[in-house]
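Survey of secondary and tertiary structure
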Amino acid sequence: MSRANWGGRVLWATGIFTALAIAAGVWIIDSPAQQRLMRLDDNRIQGLQQLDRAVRNYHSSHDALPPDVATLAAQPEVDLALADPDGGPDFSYTPLDAGHYQLCARFVTRSTDGHRRFIDDAWAHPVGDHCFRRAAKDED
């Protein structure tokens with residue numbers, strides 16, 4: 001085998017290996033578009049967690065759930081982000097009974113998709129509209 005023929009084979013092997021490495025990297029880390037969608041859902045969860053804390057604080061102060069989001073938002077030093085980060089439907093809050101409520105949002109990825117920064121079963125969600133049943137007190 002001549003040196004030129006050997007060099008050509010090495011060049012081809014290197015090219016194939018590089019292409020496979022790039023394809024594997026994209027497959028492992030998800031596409032930029034998928035990463036953006038997961039970040040948006042992470043932001044939705046953060047917004048719902050903020051709303052959850054505000055409801056719990058209201059309940060702690062008033063010994064009752066707020067009747068609606070407007071009442072909650074009118075509280076001093078409460079700054080709620082109720083709008084979807086990507087223009088979807090706003091987050092919703094619904095009191096269910098004296099100590100329970102639900103928080104809802106629309107998700108574009110499953111909480112198990114990709115490599116999430118947090119994995120908390122309390123905020124696990126499917127794709128689409130999803131509501132989380134929450135308790136005003138931890139012992140519930």
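Above this text is the structure in question.
Now for a description of the structure that goes with this document.

Calculation rules
Residues numbered from 1 in each chain as written. Predicted model: local features only at pLDDT ≥ 70, side-chain atom pairs only at ≥ 80, totals over all residues. Heavy atoms only, no water. Pairing = 2+ DSSP bridges. Helix = DSSP H or I, 4+ residues; strand = E, 2+ residues; numbered from the N terminus. Salt bridge = Lys/Arg side-chain N within 4 Å of Asp/Glu carboxyl O. Buried < 20%, exposed > 50% of the residue type's maximum accessible area, 1.4 Å probe, protein only. Phe/Tyr/Trp six-rings, centres within 6.5 Å; stacked < 30°, edge-to-face > 60°.

On to the pairing of strand E1 (residues 92-95). Two elements, E1 and strand E2 (residues 100-107), share four bridges in a ladder whose sense is antiparallel. Bridging across to E2, Pro95 finds its partner in Tyr101. Counted between consecutive antiparallel strands, the loop separating E1 from E2 contains four residues.

This paragraph deals with the pattern of salt bridges. Here the structure, examined in full by the defined rule, presents six salt bridges. Residue Arg44 is joined to Asp84 by a salt bridge in which the shortest nitrogen-to-oxygen separation is 2.5 Å. Taken together, the residues span a long stretch of sequence, with Arg44 in helix H2 (residues 32-62) and Asp84 in the loop between helix H3 (69-73) and E1 at a distance of 40 residues. Each member of the pair, Arg44 as well as Asp84, carries the same accessibility label: buried. In this structure, the salt-bridge partner of Arg56 is Asp52, at a minimum N-O distance of 3.5 Å. Highlighted residues: Arg56 and Asp52, both in helix H2, separated by four residues, approximately one helical turn. A relative accessible area of 21% means that Arg56 is categorised as partly exposed. Here the salt bridges do not stand alone but share partners, grouping Asp41, Arg44 and Asp84 into one network.

Our next topic: the packing of aromatic side chains. Scanning the model with the defined rule gives three aromatic pairs in all. Measuring from centroid to centroid gives 5.8 Å for Tyr93 and Tyr101, while their planes differ by 50°, and the two rings are tilted. You can call Tyr93 buried: its relative accessible area is 8%. Aromatic pair Phe107 and Phe132: ring centres 6.0 Å apart, planes at 85°, arrangement edge-to-face. In this pair, Phe107 sits in strand E2 while Phe132 sits in strand E3 (residues 128-135), placing the two residues 25 residues apart along the sequence.

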